[in-house]
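Structure assessment
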Amino acid sequence: SLTIGIVGLPNVGKSTLFNALTKNDVLAANYPFATIEPNVGVVGVPDPRLDKLAEIFGSQKILPATVDFVDIAGIVRGASEGEGLGNKFLANIRESDAICQVIRAFKDENVVHVDGKVSPKNDIETINTELILADLQTIEKVLPRLQRESRIKKEVVGQVKAIEEAQAILETGETLFSAGIVQGTEKAEPLRELHLLTTKPFLYVFNVDEEELTDDIFKDEQRALVAPAEAIFLNAKLESDLAELDDDEALELLQSVGQEEPGLATLAHVGFRTLGLQTYLTAGPKESRAWTIKKGATAPEAAGVIHTDFQKGFIKAEVISFADLVETGSVADARAAGKARMEGKEYVMQDGDVVEFRFNV
Ligand code: GDP
């Protein structure tokens, strides 16, 4: 599955946030015998549609989609110089599908900032610099050879041009993501085999004091710093407290600081979106469940997420949109109203499709 690597300078609240994430680990709750890596937190993406489905189908269980967060501990500054720990840090980022930087915005004299002052802008630059330097090194390693090859092999010319353009962007201190060259899209295709770090989608968690949670001017300033990446504002200590409360108590605490949902829930939603994912839904008396697919996935690909045999033996998918199902009230009524569609192999899944697959075994 796709993972989001959590990075940040020391003392910004990464561990506090990560502990809150693992307290919410849905894997631990739903699959008690699953092996859980100590540095991975599997967080459920809250989805009220599942509650509604569970009501319609009388499901015993609700299984939300999940996002995997990986705690990438280790050194940040000097990582691109490539000694021991720095290499490991960069390798861990390379394995992630998106990068989530935790930034300190809380003020607390008792917690030392590594650079002596709280400055989101500087912290972002520090991390970006290491990632950019690492990408420039990767490029410098392969470019001379490819440039030579391109004189004989016409098919390499385009790739060389794309790499040279990437190099020029990185040399200005900008990440490729911020320049619109994003892993998984066509623009990043010629760069794919280089596994450049800064083509990964970024998102930012601002660890703020409680007052700032409702300070829209402050939040807009921070958003401007990180655009086009998304920004999430939370208080890591508060999230950690929330994770230990029951639903009613948690809601009360949230309301007392002017919030509607826990920051971790927002983080899960934004993380999911940043990874380019969407869900489709299945429901029955046993469980109502959200399954994760890439945007643009076809019906057989979606079936394959449940089981590879479903994809191999795919015949059809019976699809009812969530809205139609709620409106008609049951599968039988949706069918009678002509709202159940039989879709074939070419069908591109839509967010919120409620699906039953027909397949050969
Ligand atoms: P890490 O080094 O990035 O993993 O940071 P930690 O999670 O270990 O946090 C560093 C210190 O900051 C610890 O003493 C935390 O208790 C404290 N801390 C973390 N989040 C907050 C916060 O939101 N507000 C305040 N005041 N302190 C925090």
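Parameters and conventions
Each chain carries its own residue numbering, running from 1 in the written order of its sequence. pLDDT decides what is reported in this predicted model: residues at 70 or higher carry local features, side-chain atom pairs at 80 or more are listed and counted, and totals for whole chains, interfaces and linings draw on all residues regardless. Elements are defined by DSSP. Helices are runs of H or I of four residues or more, strands are runs of E of two residues or more, and each kind is numbered from the N terminus. Here the globule rule is a power law, 2.2 Å times the number of residues to the power 0.38, and the radius of gyration is based on C-alpha atoms. Distance between backbone-placed C-beta atoms decides contact: two residues are in contact if it is within 7 Å. The C-beta atom of each residue is placed using the backbone, and any residue whose C-beta lies within 6 Å of a molecule or strand is treated as near it. All amino acids are sorted into three groups, where Ala, Val, Leu, Ile, Met, Phe, Trp, Tyr, Cys and Pro are nonpolar, Asp, Glu, Lys and Arg are charged, and the leftover types, Gly among them, are polar. Each nonpolar core reported here comprises buried Ala, Val, Leu, Ile, Met, Phe, Trp, Tyr and Cys residues connected via C-beta atoms within 7 Å. Our exposure labels follow a C-beta count within 10 Å of each residue's own C-beta, placed from the backbone: buried means 20 or more other C-beta atoms, exposed means 12 or fewer, and partly exposed covers the counts in between. Only strands joined by at least two bridges in the DSSP assignment are considered to pair. UniProt positions are given in the numbering used here, feature names are shortened, and annotations may be inferred rather than shown by experiment. Summary of the metric used: pLDDT quantifies the predictor's per-residue confidence within the range 0 to 100. A fitted line through C-alpha atoms represents every axis, and for helices the fit uses only the stretch in contact; the resulting angles, taken between N-to-C directions, go from 0 to 180 degrees. Any angle that falls under 35 degrees is termed roughly parallel, while one over 145 is termed roughly antiparallel, one within 65 to 115 roughly perpendicular, and all others oblique. Here a crossing is called left-handed whenever its near helix is offset anticlockwise from the far helix by less than a right angle, and right-handed whenever the offset is clockwise. Each helix should span, by expectation, one fewer than its residue count multiplied by 1.5 Å. Fitting axes to the seven residues that end at a residue and to the seven that start at it, the angle between those axes gives the bend at that residue.

If you tally the helices and strands in the protein chain, you get 14 helices and 12 strands. For 361 residues, the compact-globule formula gives about 21 Å, and the C-alpha radius of gyration of the protein chain, at 23 Å, lands near that figure. If you line up the protein chain on its principal axes, its C-alpha atoms span 65 × 60 × 40 Å. Within the protein chain, contacts between residues at least 6 apart in sequence are counted, and of these 68% link residues at least 24 apart.

What follows deals with the site of the ligand. Taken together, 15 residues form the shell around the ligand, and within it Gly13, Lys14, Ser15, Thr16 and Asp108 come nearest. Of all the secondary structure elements, the ones that give two or more residues to the shell around the ligand are helix H1 (14–23) and helix H8 (236–242). Looking at which element gives the most residues to the shell around the ligand, the answer is H1, with 3 residues. Looking at the shell around the ligand residue by residue, the classes come out as 5 nonpolar, 7 polar and 3 charged.

Looking now at the nonpolar core. Among the nonpolar cores identified, the biggest contains 86 residues, and Ile6 and Val205 are the most heavily contacted of them. Once you skip the residues sitting within four places of it in the chain, Val205 turns out to touch Leu17, Cys100, Val102, Ile103, Ile232, Leu234 and Leu267.

Pairing of strand E3 (residues 61–63) with strand E9 (residues 287–294) involves 3 bridges; the strand directions are parallel. Note on E9: the bridge partner recorded for Lys61 is Glu287. With 7 bridges connecting them, strand E8 (residues 277–283) and E9 associate as antiparallel partners. Directly across from Leu281, in E9, lies its bridge partner Ala290. From the end of E8 to the start of E9, which pair antiparallel, there are 3 residues.

Tracing the chain through its elements places Glu211 in the loop between strand E6 (202–207) and helix H7 (216–226). For Glu211, a count of 13 C-beta atoms within 10 Å translates into the label partly exposed. Residues Glu211 and Gly258, spaced 47 residues apart in sequence, show a C-alpha to C-alpha distance of 9.3 Å.

In this fold, Phe314 is placed in strand E10 (residues 314–321). For Phe314, a count of 21 C-beta atoms within 10 Å puts it in the buried group. When the C-alpha atoms of Phe314 and Asn235 are compared, they prove to be 46 Å apart, with 79 residues separating the residues in sequence. In contact with Phe314, not counting residues within four places along its chain, are Ala299, Pro300, Ala303, Lys345, Phe357 and Phe359.

We now examine the UniProt feature "domain: TGS" (unreviewed entry) in the protein chain. Following the UniProt record, one finds the feature "domain: TGS" (unreviewed entry) at residues 276–359. Annotated as 31% helix and 39% strand, the span residues 276–359 places its first and last C-alpha atoms 27 Å apart.

This part takes up the confidence of the model for the protein chain. Considering every residue of the protein chain, the mean pLDDT works out to 91; 96% of them sit at 70 or more. The ipTM value of the predicted complex is 0.97, and its pTM value is 0.90.

One way to put it is that helix H5 (residues 120–152) packs onto helix H6 (residues 157–171) with a least axis distance of 10 Å and a crossing angle of 150 degrees. The pairing of H5 with H6 is recorded here as roughly antiparallel in orientation. Here the hand of the crossing between H5 and H6 comes out left-handed. Across the interface between the two elements, Ile132, Asp135, Leu136, Ile139, Leu143, Leu146, Gln147 and Ser150 from H5 touch Val157, Gln159, Val160, Ile163, Ala166, Gln167 and Leu170 from H6. Looking at the contact of H5 with H6, its residues break down into 10 nonpolar, 4 polar and 1 charged.

Our focus in this paragraph is the packing of H5 against H7. Where H5 meets H7, the axes come as close as 11 Å, and the angle between the chain directions of the two elements is 20 degrees. Judged by the angle between their axes, H5 and H7 are roughly parallel. You can see that H5 and H7 cross each other, and the crossing is right-handed. Judged by residue contacts, Pro120, Lys121 and Ile124 of H5 engage Gln222, Leu225 and Val226 from H7.

We now examine H5. Taking 1.5 Å per residue as the helical rise, H5 with its 33 residues ought to reach 48 Å, and the 48 Å between its terminal C-alpha atoms agrees with that figure. Where H5 bends most, the angle comes to about 35 degrees, and this point is Leu143, followed within four residues by the proline Pro144. Within the span of H5, buried status applies to Pro120, Asp123, Ile124, Ile127, Asn128, Glu130, Leu131, Ile132, Ala134, Asp135 and Thr138.

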